[in-house]
2 protein chains.
Amino acid sequence: MGLPPRLLCCLFLALSLAAAARAATRHHEWEISYQFTHSDCVRKLAVTINGHTPGPTIRATQGDTVVVRVKNSLLTENVAIHWHGIRQIGTPWADGTEGVTQCPILPGDVFTYTFVVDRPGTYMYHAHYGMQRSAGLNGLIVVEAARGGHDAEPFRYDGEHAVLLNDWWHKSTYEQAAGLAAVPIGWVGEPQTLLINGRGRFVNCSSMAPGACNATHPECATQVFAVVPGKTYRFRIASVTSLSALNFEIEGHQMTVVEADGHYVKPFVVKNLNIYSGETYSVLIKADQNPNRNYWLASNVVSRKPGTATGTAILSYYGGRSSPRRAPPTTPPTGPAWNDTDYRFRQSVATVAHPAHVEPPPPRADRTILLLNTQNKIDGRIKWALNNVSFTLPHTPYLVAMKSGLLGAFDQRPPPETYAHQGYDIYAVQKNPSAVTSDGLYRLEFGSVVDVVLQNANMLDANKSETHPWHLHGHDFWVLGYGIGRFDPAVHPATYNLKDPILKNTVAVHPYGWTALRFKADNPGVWAFHCHIEAHFFMGMGVVFEEGVERVAELPKEIMGCGKAKGGGH
Amino acid sequence: MGLPPRLLCCLFLALSLAAAARAATRHHEWEISYQFTHSDCVRKLAVTINGHTPGPTIRATQGDTVVVRVKNSLLTENVAIHWHGIRQIGTPWADGTEGVTQCPILPGDVFTYTFVVDRPGTYMYHAHYGMQRSAGLNGLIVVEAARGGHDAEPFRYDGEHAVLLNDWWHKSTYEQAAGLAAVPIGWVGEPQTLLINGRGRFVNCSSMAPGACNATHPECATQVFAVVPGKTYRFRIASVTSLSALNFEIEGHQMTVVEADGHYVKPFVVKNLNIYSGETYSVLIKADQNPNRNYWLASNVVSRKPGTATGTAILSYYGGRSSPRRAPPTTPPTGPAWNDTDYRFRQSVATVAHPAHVEPPPPRADRTILLLNTQNKIDGRIKWALNNVSFTLPHTPYLVAMKSGLLGAFDQRPPPETYAHQGYDIYAVQKNPSAVTSDGLYRLEFGSVVDVVLQNANMLDANKSETHPWHLHGHDFWVLGYGIGRFDPAVHPATYNLKDPILKNTVAVHPYGWTALRFKADNPGVWAFHCHIEAHFFMGMGVVFEEGVERVAELPKEIMGCGKAKGGGH
């Protein structure tokens, strides 16, 4: 029975070579610059790629090599771009995380990101430096299943559309960051507009100063998604929001969720989809409604009390009697109640692996890190912290520091593994909100299995707890469980879903809730793990993992040149 | 007669040692960050030093060493600081000119500027990177005459005050720069407010949105200069404006001009003083007016049609019956007619060296560079050019490139030495406004005497020519002459003032005029020479000189690390 090992090996090699022969290299030339844009009809300076925000969609096929040559044409500002959801196996220096995997790209410099997209799915890219993501530097990555591999996809569709969701502020990210760092804090506030594919309509356009808002600017013309009656469409949906948790709905069309963060989902049907910053989903819809009218695509804020109008786009049927751009005859869907945590919790729990695509998790963890997410105060400034440690980025990237043996580049003391969970009241305002800042990291044994339990809690204000979408670089993780209340290490692990947990790279921690995840520390490199809310990461809500850094090949010199890796130091 | 050489040498050594023993080192610790400021009562994000704009005044004594440890705490933005008027003899790497003498200072980095202030006088510092100077990073340098050296000053005074003049915009410098680079151009426009010592009052404060302007904010409280009746005061006046040529007046008090750019002037009395961006003056005033009322200090735009209210501060007499902050009973002086070029021209010509402090210029030049200043169009963008070459900064600093032999870091072809001046009509719109961009530089023979004649001309619009204040790094130059009309190399050199020309580092080229200057290329290094209007330099109005770079000592590694000097290149 079966082939002898030597033949098996040859067969594998032959298949690999065949795959390699098919794999293409996708070249992109990007120039990053400031441009005046009109995403929501309001004139605003944005960080753009080749003049546009969002940037171009990167389309590739599983196994392809993507090469993006980034020229920084900003005047005084550096840049770095993260390929969100791409694990960068063998290329940890291409993860684009300033301070973690690379020095920033200086004005005038060209930096080439080269990486393999090893799995099909829906991903995204965005700046990972300061708050530049919010300034407009973001876009989609769509990786098709390998040629012939489409047959392996557990669903069928006739066409596809891509939807990139965002929230948008009129204030510059400089002002936002300066406010966040100020005493008292100047909070970013609710976004002015919700964007779909970089387009929205600011509701107070007409009351703005002359020239500030142009309601007929082509850049803010509503996006139209055209469908052929009777056909099934895959909508790839990604959220790159800075702050908002969103609920996405296509009026009159039920959605079947089939993919999450590049993994096939056991299909489930929803009227609308909750999507957190950093997440991607694919849903299928059937174009089976009255083709003679248009339908709204709607994006609504959930989890925070909304202060922003519904973001909209239009679904229009080919051959129907409605002109594609005509507003539907209805009012746009307003989504579920913003504070219906239970509604969102149920969707989280419903998202499990497709039966034919289950990758079983290791049965147990070698190490469990329990992270209490709290709001804290340091020197009068409001911060976020994990186990009372608020994260700061070092100015020498960890990857460079560790490979070059630059001692003193970051705090060598590891952050705490847990918090005093027994007796901790997650529903109360923390009695002593003081915390420390640190750029220490967690060093993981290479190949070990790591559980992380994210424990949410009350904020500095009474009766307030927010949703935090946590994103892990360099890995997917199994989502083992969710709960509301305090996680008990003696009780809850027994409730984990070890049968068909979904693999994801971003997951929500619900208000007053916990989320348990597991991953294998088998990707040599240094990897950020953080709340994907731009302001929260800026305020310290993140940690960093290192694993197998000694296995990382020689670093490209291009990622160096800053902090202690600068020639001569200081 | 005279001492034998060996004894002379010993005497010189002894004197040097004595001077060195007296010389102090002045340490400064600066942190650069964005802060919300209220310079003109309007809330605006500014680049600050230790939280303030303008930054602290550097006070030192001739011969002191100034050490400024600059920590860049901006989030994503680099920085570089120029010490305007300090020649950096022996320390060309400390000139702070990004792209010329150093790589920018990255966020998180500390860069230490160390330089000797070898001459007494009034100087300034400001960012020299992108348009950061306009964002608030600027301040004064006051160098006292060496201990005992005050006796050598050709004037006496009882007290002194410092006045830093500026213009101020509410738009961010990012927006300004993006506008300047756009097609069609988004010109920066006239400033919203004129500042005196970082304080002004925006005239439309009350009509702004709630919270946007606070007329009672302490940061915009009018500056009061107190004087004792009967005493004589030295006012040190510097202009760090981004755009505006200014006229400065102290109501009811004549001013005797005694210093310009660190050199003693043959005293002349004025009712008010024209001062261009990058210039400094000292004037003496006698506090001999009615002490029972206050007087305006007034700053008015000249040379451009003003769109900005008079900038004001208050002169108040100690012991008088007026409270120091009370507005004077008069309306502030409005200065001369903005377009009275002749009035300003006369002040330029009147500014010559003090008879007891004449440093005679070399009688003739080894080389003359004739630079036609024109407005041009390149790829639809409006630029400024010299002899139809619009300057761009390289991303590898010249000093680093030339010392490290990095070929290809900049255009090796020298820019043109002259233009077709015969028959050129400087009063007409240029027939063919196209130009080229280049980062080539002028290589000067070490120790040679160089004349530069700056020739102004008509802009792209008919009947329009502006004043350009040109600033030379690393040197003072003799101002040999000014003229209106076309400079004729066969005629005008005979009219040069070779008897008592003033030495300056910044000089105005008047509308449709020319200015001739001479300097000795005896300071090893690479030095920018450019219009000090921030937008004009951004648009290409500058050149670079190199001299004796082979004599420059080994460069500090701290200035390297960018462009082709980055490890490994790209």
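Everything numeric here is computed off the predicted structure, so don't read it as measured data.

Novice: Can you tell me about the overall build of chain A, naming the residues and giving the values?
Specialist: Each helix and strand counted, chain A has five helices and 32 strands in total. Taking the principal axes of its C-alpha atoms as reference, chain A extends roughly 70 × 65 × 55 Å. Counting all 570 residues of chain A, 61% fall into the buried class. At a minimum sequence separation of 6, the contacts of chain A that also span at least 24 residues come to 79%. Here chain A displays about 21,100 Å² of accessible surface, and carbon together with sulfur accounts for 54% of that area.

Novice: How would you sum up the packing of aromatic side chains? Please name residues and give values.
Specialist: Inspection of every chain in the model, using the stated rule, returns 43 aromatic pairs over all chains. Residues Trp470 of chain B and Phe529 of chain B carry aromatic rings whose centres are separated by 4.8 Å and whose planes lie at 50° to one another, so their mutual orientation is tilted. Placement of Trp470 of chain B in strand E26 (residues 468-472) and of Phe529 of chain B in strand E31 (residues 525-531) is noted, with a sequence separation of 59 residues between them. In this structure Trp470 of chain B comes out as buried when scored by relative accessible area, which is 0%. Grouping aromatic residues by their ring pairs yields a cluster made of Trp30, Trp83, Phe111, Tyr113, Phe115 and Tyr125 of chain A. Just above the ring of Phe36 of chain B sits the side chain of Arg43 of chain B; from NZ or CZ to the centre is 3.7 Å. It is Lys44 of chain B that lies over the ring of Trp168 of chain B; its NZ or CZ is 5.0 Å from the centre.

Novice: Help me get a handle on the environment of Leu180 of chain B, residues and values and all.
Specialist: All names here are of chain B. Among the structural elements, Leu180 can be located in helix H2 (residues 173-180). Considered as a pair, Leu180 and Ala365 are 185 residues apart in the sequence and their alpha carbons are 37 Å apart. Each residue touching Leu180, except ones within four places of it in the same chain, is listed here: Met131, Ile185, Gly186, Trp187, Val188, Ala535, Phe538 and Met539.

Novice: Just give me the short version of the relation of the copies chain B and chain A, but keep the residues and values in it.
Specialist: Between the two copies, chain B and chain A, the superposition gives an RMSD of 0.0 Å; the rotation angle is 180° and the shift along the axis is 0.0 Å. In symmetry terms, the pair is related by a two-fold rotation axis. In terms of proximity to the rotation axis, the leading residue of chain B is Glu77 of chain B, whose C-alpha is 2.1 Å off the axis. Here 100% of the interface residues in chain B have copies in chain A that are interface residues too; the copies meet face to matching face.

Novice: I'd like to hear about the confidence of the model for chain A, residue by residue, with values.
Specialist: In this model, chain A carries an average pLDDT of 95, and 95% of its residues clear a pLDDT of 70 or more. This prediction of the complex comes with two scores: 0.94 for pTM and 0.93 for ipTM.

Novice: Tell me what's going on with the UniProt feature "domain: Plastocyanin-like" (unreviewed entry) in chain A, and back it up with residues and numbers.
Specialist: Under the feature "domain: Plastocyanin-like" (unreviewed entry), the UniProt entry names residues 39-146, 161-319 and 422-548 of chain A. Between the C-alpha atoms that bound residues 39-146 of chain A the distance is 34 Å, and the span itself is 0% helix and 40% strand.

Novice: With reference to specific residues and values, describe the environment of Val429 of chain A.
Specialist: All names here are of chain A. Secondary-structure assignment places Val429 in the loop between helix H4 (398-404) and strand E23 (436-438). In sequence terms Val429 and Asn458 are 29 residues apart; their C-alpha atoms lie 5.6 Å from each other. Here Val429 is in contact with Asn458, Met459, Leu460, Asp461 and Ala462, once residues within four sequence places are set aside.

Novice: Go over the environment of Thr256 of chain A with me, naming the residues and quoting the values.
Specialist: Residues and elements named next belong to chain A. You can see Thr256 is positioned in strand E14 (residues 255-260). Separated by 25 residues in sequence, Thr256 and Tyr281 place their C-alpha atoms 10 Å apart. Discounting residues that sit within four places of it in the chain, Thr256 has contacts with Pro267, Phe268, Val269, Ser282, Val283 and Leu284.

Novice: Describe the interface of chain B and chain A, listing the residues and the values that go with them.
Specialist: In this complex, chain B contributes 35 residues to the contact, which on the side of chain A involves 35 residues. Here chain B meets chain A over a buried area of about 3,000 Å², counting both sides, of which 63% is carbon and sulfur. Of all residues in chain B, Thr76, Tyr174 and Lys566 of chain B give up the largest surface area on contact with chain A, accounting jointly for 20% of the area buried on that side. Between chain B and chain A we count zero salt bridges in total. The interface formed by chain B and chain A holds 11 residue pairs in polar contact (both at pLDDT 80 or more) in total. It is H2 of chain B that contributes the most residues to the side of chain B that touches chain A, five residues altogether. Taken together, the residues that form the side of chain B that touches chain A break down as 16 nonpolar, 13 polar and six charged.

Novice: Let's hear about the sheet that holds strand E13 (residues 245-250) of chain A: which residues, and what values?
Specialist: All names here are of chain A. Across the sheet, which stays open at both edges, the five strands sit in the order E11-E19-E18-E13-E16 with mixed pairing between neighbours. In this open sheet, the two strands that pair with only one neighbour each are strand E11 (224-227) and strand E16 (272-275). In this sheet, adjacent strand axes meet at a mean angle of 20° when their direction is disregarded. Packed onto the sheet, helix H3 (residues 341-350) meets E13, E16 and strand E18 (295-302) and runs at close to 85° relative to E16.

Novice: Before we move on, can you summarise H3 of chain A with the specific residues and values?
Specialist: Along H3 of chain A, the positions that sit buried rather than exposed are Arg344, Phe345, Gln347 and Ser348 of chain A. One face of H3 of chain A carries all of its buried residues, which in axial projection span an arc of 160°.

Novice: Describe the nonpolar core, listing the residues and the values that go with them.
Specialist: Among the nonpolar cores identified, the biggest contains 106 residues, and Trp83 and Tyr113 of chain A together with Trp83 and Tyr113 of chain B are the most heavily contacted of them. In this structure, Tyr113 of chain A is in contact with Val66, Val67, Val68, Val70, Ala80, Ile81, Trp83, Ala94, Gly96, Gln102 and Ile105 of chain A, ignoring residues within four places of it in sequence.

Novice: Describe the side chain of Asn456 of chain A, with residues and values.
Specialist: Residues and elements named next belong to chain A. By the element assignment, Asn456 lies in the loop between strand E25 (449-455) and strand E26 (468-472). A residue is classified by how much of its surface remains accessible, and Asn456, at 0% relative accessible area, is buried. Within the local environment of Asn456, its side chain forms a polar contact with the backbone oxygen of His510, the two atoms lying 3.0 Å apart. If sequence neighbours within four positions are ignored, Asn456 has contacts with Asn373, Ile426, Ser465, Glu466, His468, Val509, His510, Pro511, Tyr512 and Gly513.

Novice: An account of the pairing of strand E12 (residues 232-239) of chain B is needed here, citing residue identities and associated values.
Specialist: All names here are of chain B. Of all the eight residues making up E12, eight are buried; the element is thus mostly covered by neighbouring parts of the structure. What you see with E12 is no split at all: Thr232, Arg234, Arg236 and Ala238 on one side and Tyr233, Phe235, Ile237 and Ser239 on the other are buried throughout. Note: E12 against strand E17 (residues 280-286), seven bridges, orientation antiparallel. In the sheet register, Arg234 faces E17, and the bridge partner there is Leu284.

Novice: Break down the pattern of salt bridges for me, citing the residues and quoting the values.
Specialist: Throughout the structure, instances matching the rule amount to 46 salt bridges over all chains. Between Asp500 of chain B and Lys499 of chain B there is a salt bridge, with its nearest N and O atoms 3.4 Å apart. One continuous salt-bridge network, built from bridges that share partners, spans Arg59, Glu153, Glu160, Arg234, Arg236 and Glu259 of chain A.

Novice: A description of the state of the cysteines should follow, citing residues and the corresponding values.
Specialist: Residues and elements named next belong to chain A. Scanning the entire structure with this criterion turns up six disulfides over all chains. With its sulfur 2.0 Å from that of its partner, Cys205 forms a disulfide with Cys213. Residues Cys205 and Cys213 share a disulfide whose torsion about the S-S bond is about -110°; that sign makes it left-handed. Residue Cys205 shares its accessibility class with Cys213, and that shared class is buried. Cysteine pairing for chain A (bonded cysteines numbered in sequence order): 1-5, 2-6, 3-4.

Novice: Outline the sheet that holds E26 of chain B, listing residues and values.
Specialist: Residue and element names in this part refer to chain B. Strand order across the open sheet formed by five strands is E24-E32-E31-E26-E29, with mixed pairing between neighbours. Two strands bound the open sheet, and with one partner strand each, they are strand E24 (442-444) and strand E29 (506-509). This sheet shows a mean twist of 20° between the axes of neighbouring strands, independent of strand direction.

Novice: Go over the side chain of His530 of chain A, please, and point to the residues and values.
Specialist: Residue and element names in this part refer to chain A. Looking at where His530 falls in the secondary structure, it is placed in strand E31 (residues 525-531). There is a polar contact of 3.1 Å between the side chain of His530 and the side chain of His128. Filtering out sequence-adjacent residues up to four positions away, His530 remains in contact with His128, Pro469, Trp470, His471, His473, Phe537, Met541 and Gly542.

Novice: Go over H2 of chain B with me, naming the residues and quoting the values.
Specialist: Within H2 of chain B, seven of the eight residues are buried, which leaves the element mostly enclosed by the surrounding structure. Along H2 of chain B, the residues that are buried comprise Thr173, Tyr174, Gln176, Ala177, Ala178, Gly179 and Leu180 of chain B. Lining the buried residues of H2 of chain B we find strand E1 (25-37), strand E2 (44-49) and helix H2 (173-180) of chain A together with strand E1 (25-37) and helix H5 (534-538) of chain B.

What counts as what
Sequence order sets the numbering: in each chain, residues are counted from 1 along the sequence as written. Lettering for chains starts from A, numbering for ligands starts from 1, and both go in the order in which the items are written. In keeping with the predicted nature of the model, local features appear solely for residues at pLDDT of at least 70, side-chain atom pairs appear and are counted solely at 80 or more, and the whole-chain, interface and lining totals rest on all residues. The basis for every side-chain value is the complete set of heavy atoms in the structure, and neither hydrogens nor water enter the calculation. Here a strand is any run of E in DSSP of at least two residues, a helix any run of H or I of at least four, and the numbering for each starts at the N terminus. The buried label applies to any residue whose accessible area, calculated with a 1.4 Å probe on protein chains only, is under 20% of its type's maximum; exposed applies above 50%, and partly exposed to all values in between. Pairs of residues are marked as contacts when any of their non-hydrogen atoms sit within 4.5 Å. A 1.4 Å probe and the Shrake-Rupley method give the accessible areas. Residues count as covered only by the protein chains that appear here. For Phe, Tyr and Trp, where Trp contributes only its six-membered ring, two rings pair if their centres lie within 6.5 Å, and the inter-plane angle classes them as stacked under 30 degrees, edge-to-face over 60, or tilted in between. Two thresholds decide whether a charge sits over a ring: the Lys NZ or Arg CZ must be within 6 Å of the ring centre and within 35 degrees of the ring normal. Superposition of the copies was done by least squares, using only C-alpha atoms of residues whose pLDDT is at least 70 in both. pLDDT expresses, on a scale from 0 to 100, how confident the predictor is about each individual residue. UniProt positions are given in the numbering used here, feature names are shortened, and annotations may be inferred rather than shown by experiment. Here the quantity called buried area is the total loss of accessible area, with a 1.4 Å probe, experienced by two parts when brought into contact, counted for both. Each salt bridge in this description consists of a side-chain nitrogen of Lys or Arg and a carboxyl oxygen of Asp or Glu lying within 4 Å of one another. Whenever two N or O atoms come within 3.5 Å, that pair is a polar contact, provided that in protein one can donate a hydrogen and the other can accept it, and provided that, for residues adjacent in sequence, both atoms are side-chain atoms. When residue character is reported, Ala, Val, Leu, Ile, Met, Phe, Trp, Tyr, Cys and Pro are called nonpolar, Asp, Glu, Lys and Arg charged, and the others, Gly included, polar. Here, a strand pair is defined by DSSP locating no fewer than two bridges between the strands. Helix axes are fitted only over the stretch in contact, all axes being lines through C-alpha atoms; the angle between N-to-C directions runs from 0 to 180 degrees. Directions are taken from the helix axis to each C-beta atom, and the arc is the one they span. Put simply, buried Ala, Val, Leu, Ile, Met, Phe, Trp, Tyr and Cys residues joined by side-chain atoms within 4.5 Å make one nonpolar core. When the sulfur atoms of two cysteines come within 2.5 Å, that pair is taken as a disulfide.

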